[in-house]
Structures are given as structure tokens and as C-alpha cells.
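Report on the structure
Each chain, written out:
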Amino acid sequence: SHYSAGAALAVATRELVPGSHPFRNFLTIFTFGTIAVNYVSLSILQDKDGMLARTTAFLDFPAANGVVAASLSTPRETIKHFSDHTMFAALPDLLQSAPY
């Protein structure tokens, strides 16, 4: 989902790309405020009495929300192929040679 993809990109940018790197400056354009927006959306959308609970057909929305949350990978898990040198070496040459 865009929620987890945005979080993964924002976290990866903060943790893995040096602050002085031009690519981090470029990514900041797209990730600025992502973590704050996702945090606020937790209470608006995913609360047991939130918007999603009131507009979906799930009788037990917290349980449904928990199943979805458990099935999603963490941002660190999402980017592990790029941060772990052994896993990176196993990627196709085309990905390894990408400039960013």
C-alpha cells in the first residue's frame, strides 16, 4: 500500500542515505512529512471507531486491521536487499549497476 511504501522510502532515506548526498535531497521532496502524515492517519483511519471501521463491512475491524498489519513487512525488511551486502550481491546485475 502507499502507506507502507511511503514509510519504507522515508525511513530508508533517513537511515541509509547520507545527509549530504544529492539523492537524499532529491528524495526529501517526495518524503517530507510522510511519517507525520502516517502517524496522524493511524488515529483517523485505523482506530476502532475510525473512518475505515465505520465504512467497511468488517464486524471486527481491529481484528481485520491486525491481520493486515501482521502481513505487511517492515520498512527495514522491504529494503533489506539494498542494505545487506550479501543480499545486494545476489540481485540481478541490472539492479546492482543502477546509478542510485
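Throughout what follows, the structure given in this document is the object of discussion. (Residues numbered from 1 in each chain as written. Predicted model: local features only at pLDDT ≥ 70, side-chain atom pairs only at ≥ 80, totals over all residues. Heavy atoms only, no water.)

A few words on the packing of aromatic side chains. Taken as a whole, this structure holds two aromatic pairs when the rule is applied. Where Phe26 meets Phe30, the ring centres are 5.2 Å apart and the plane angle is 70 degrees; that geometry is what we call edge-to-face. Of the two residues, Phe26 and Phe30 are both situated in helix α2 (residues 22-31); the distance of four residues between them amounts to about one turn of the helix. Grouped by ring-pair contacts, the aromatic residues Phe23, Phe26 and Phe30 constitute a single cluster. (Phe/Tyr/Trp six-rings, centres within 6.5 Å; stacked < 30°, edge-to-face > 60°. Helix = DSSP H or I, 4+ residues; strand = E, 2+ residues; numbered from the N terminus.)

A few words on the packing of helix α1 (residues 2-16) against α2. Where α1 meets α2, the axes come as close as 10 Å, and the angle between the chain directions of the two elements is 150 degrees. Between α1 and α2, the angle falls in the class roughly antiparallel. The two elements α1 and α2 meet at a crossing, and its hand is left-handed. Between α1, through Leu9, Ala10, Thr13 and Arg14, and α2, the contact on the second element is made entirely by Arg24, Leu27 and Thr31. Of the residues belonging to the contact of α1 with α2, the class tally is three nonpolar, two polar and two charged. (Axes fitted to C-alpha atoms, helices over the stretch in contact; angles between N-to-C directions. Parallel < 35°, antiparallel > 145°, perpendicular 65-115°, else oblique. Left-handed = near helix turned anticlockwise from the far one by under 90°. Contact = heavy atoms within 4.5 Å. Nonpolar A, V, L, I, M, F, W, Y, C, P; charged D, E, K, R; others polar.)

Relative to the helices and strands, Thr78 resides in helix α6 (residues 75-78). You can call Thr78 partly exposed: its relative accessible area is 43%. As for Thr78 and Leu9, which are separated by 69 residues in sequence, their C-alpha atoms are 9.3 Å apart. Excluding anything up to four places from it in sequence, Thr78 contacts Ala8 and Ser73. (Buried < 20%, exposed > 50% of the residue type's maximum accessible area, 1.4 Å probe, protein only.)

None of this, on its own, says anything about what the molecule does.
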